[in-house]
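Observations on the three-dimensional arrangement
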Amino acid sequence: MKNHPNKSKLPAWLKKPLLYAAAVAVWVLVWYLAARRIGEELLLPRPGAVVRRLAELTVTAGFRRVVLTSLGRIAAGMVIGVTTGCLLALLTHFVPPLYTLFHPVITVIRSTPVASFIILIYLWIGRDLLPGFVSVLLVLPVVWANLHEALGAVDPDLLEMARLFRLPLRKRITRVYLPSVMPSFMAACRTSVGLSWKAGIAAEVLVVPALSIGRHLADAKLYMETVDLFAWTLAVVLLSLLLELTITLLFSRFEKRRGQRTERSAHE
């Protein structure tokens, strides 16, 4: 009897999620065995207890309000950071003296520990604005560095052809600059999601705004509610994954539409 190896292979779109799920299952098993070995919920609760507690929290109106508030302030900081980083990258690329002016400042921002920023900024602005501001400071250097480097790596031959054929600015942007910088820009945004989310939550833990995930994490630590601490931490991880997935889907849709427009333009 002949074997048909192709029939036993999983589809490509299914293989990666299954491998990822298997890896997660392995680590959850390690967590379960460690918790069972320790046998003390105060030190390390079991995965089942944490998931049940998270399920209890998610059905409450307070949980949704807290999550949306934290998401809103940190997402606003990320958007401002990305926008500012893009504008600064354009300025420093097309006006080289500005690169010399801003580079030391960006280097200081990138090198300063997050905790130092949180402590210093807390002296100047309110606790509700601080998580978003910290997100701006974490995102801006990443976006600026990636985009500035990508702009500098645009093929000079393509730019020269665009100049010789007198392409209008819109076509130069869509046909020369965007294809060159988009991979770096997308990578910067994916990195920025995780950075801004973690930095924003860390700021909330330190300054404890009234409505915030960080406040609940701080309270759980203060009152030794380890299950709640793990449940809120799991919520933070899941929300971070959701944000990264959303960004990935948005960029995939953008790339698909841009490809379709390019094909239509080529046929015209």
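Scroll up to find the structure.
A few points on the structure. (Residues numbered from 1 in each chain as written. Predicted model: local features only at pLDDT ≥ 70, side-chain atom pairs only at ≥ 80, totals over all residues. Heavy atoms only, no water.)

Considering a nonpolar patch on the surface
Rules: Residues enter patches when they are more than 30% accessible in relative terms and free of salt bridges; like-charged ones are connected within 9 Å and nonpolar ones (Val, Leu, Ile, Met, Phe, Trp, Tyr) within 5 Å. Per-residue and other accessible areas follow the Shrake-Rupley method at a 1.4 Å probe size, with only the shown protein chains counted as cover for residues. The salt bridge definition used is simple: a Lys or Arg side-chain nitrogen within 4 Å of an Asp or Glu carboxyl oxygen. Elements are defined by DSSP. Helices are runs of H or I of four residues or more, strands are runs of E of two residues or more, and each kind is numbered from the N terminus. Remark: exposure states derive from per-residue accessible area (1.4 Å probe, protein chains only) relative to the maximum for the residue type, with buried under 20%, exposed over 50%, and partly exposed in between.
On the surface, a cluster of nonpolar side chains totalling about 510 Å² of accessible area is made up of Y20, V24, V28, V237, L238 and L241. Elements that contribute at least two residues to the nonpolar patch include exactly helix 2 (12–38) and helix 11 (226–267). With respect to the helices and strands, the residue V28 is situated in helix 2. Its relative accessible area of 36% is what places V28 among the partly exposed residues.

Section: the packing of helix 4 (residues 61–94) against helix 5 (residues 96–111)
Threshold: Note on geometry: axes are lines fitted to C-alpha atoms, helical ones only across the stretch in contact, with angles between N-to-C directions running from 0 to 180 degrees. For this classification, under 35 degrees means roughly parallel, over 145 means roughly antiparallel, 65 to 115 means roughly perpendicular, and everything else is oblique. Any pair of residues with heavy atoms lying within 4.5 Å of one another is described as a contacting pair. Gly is put with the polar residues, along with every residue not named as nonpolar or charged; the nonpolar set is Ala, Val, Leu, Ile, Met, Phe, Trp, Tyr, Cys and Pro, and the charged set is Asp, Glu, Lys and Arg.
The N-to-C vectors of helix 4 and helix 5 enclose an angle of 135°; their axes lie 6 Å apart at closest approach. Classed by the angle they form, the pair helix 4 and helix 5 counts as oblique. Seen from helix 4, the contacting residues are L88, L91, T92, H93 and F94; seen from helix 5, they are P96, L98, Y99, F102 and I106. Residue classes in the contact of helix 4 with helix 5 are distributed as eight nonpolar, two polar and no charged.

Re the pattern of salt bridges
A complete count under the given rule lists four salt bridges for this structure. Linking R53 and D228 is a salt bridge whose minimum nitrogen-to-oxygen distance equals 2.7 Å. Residue R53 is found in helix 3 (residues 47–58), and its partner D228 is found in helix 11; the two are separated by 175 residues along the sequence. Judged by relative accessible area, D228 falls into the buried class, the value being 16%. We note a salt bridge from R73 to E204, for which the minimum N-O separation is 3.0 Å. Of the two residues, R73 sits in helix 4 while E204 sits in helix 9 (residues 169–207), which places them 131 residues apart along the sequence. One exposure class covers both R73 and E204, and it is buried.

Focus on the packing of helix 9 against helix 10 (residues 213–222)
Put simply, the rule reads: Each crossing gets its hand from how the near helix is turned against the far one by less than a right angle, where anticlockwise is left-handed and clockwise is right-handed.
Their axes nearest at 7 Å, the elements helix 9 and helix 10 cross at an angle of 55°. With respect to helix 10, the element helix 9 is oriented oblique. The way helix 9 lies across helix 10 gives a crossing that is right-handed. Residues W197, I201, E204 and V205 of helix 9 form the contact with helix 10, whose own contacting residues are I213, G214, R215, L217 and A218. Of the residues assigned to the contact of helix 9 with helix 10, the class counts are six nonpolar, one polar and two charged.

Digging into the nonpolar core
Side chains that are nonpolar tend, in soluble globular proteins, to be buried together. Rule in force here: Take the buried Ala, Val, Leu, Ile, Met, Phe, Trp, Tyr and Cys residues and link them wherever side-chain atoms come within 4.5 Å; each set so joined is a nonpolar core.
Core analysis: the largest hydrophobic core is formed by 27 residues, its most contacted members being V82, L147, F185 and F251. Within the residue set of this core, elements represented by two or more residues are helix 4, helix 7 (130–152), helix 9 and helix 11. Among the elements that take part in this core, helix 9 stands out by supplying nine residues, more than any other. With near-sequence residues (within four places) excluded, F185 lies in contact with V82, C86, L147 and F251. Residues L54, I213, L217 and A231 belong to the second largest nonpolar core, which totals 16 residues.

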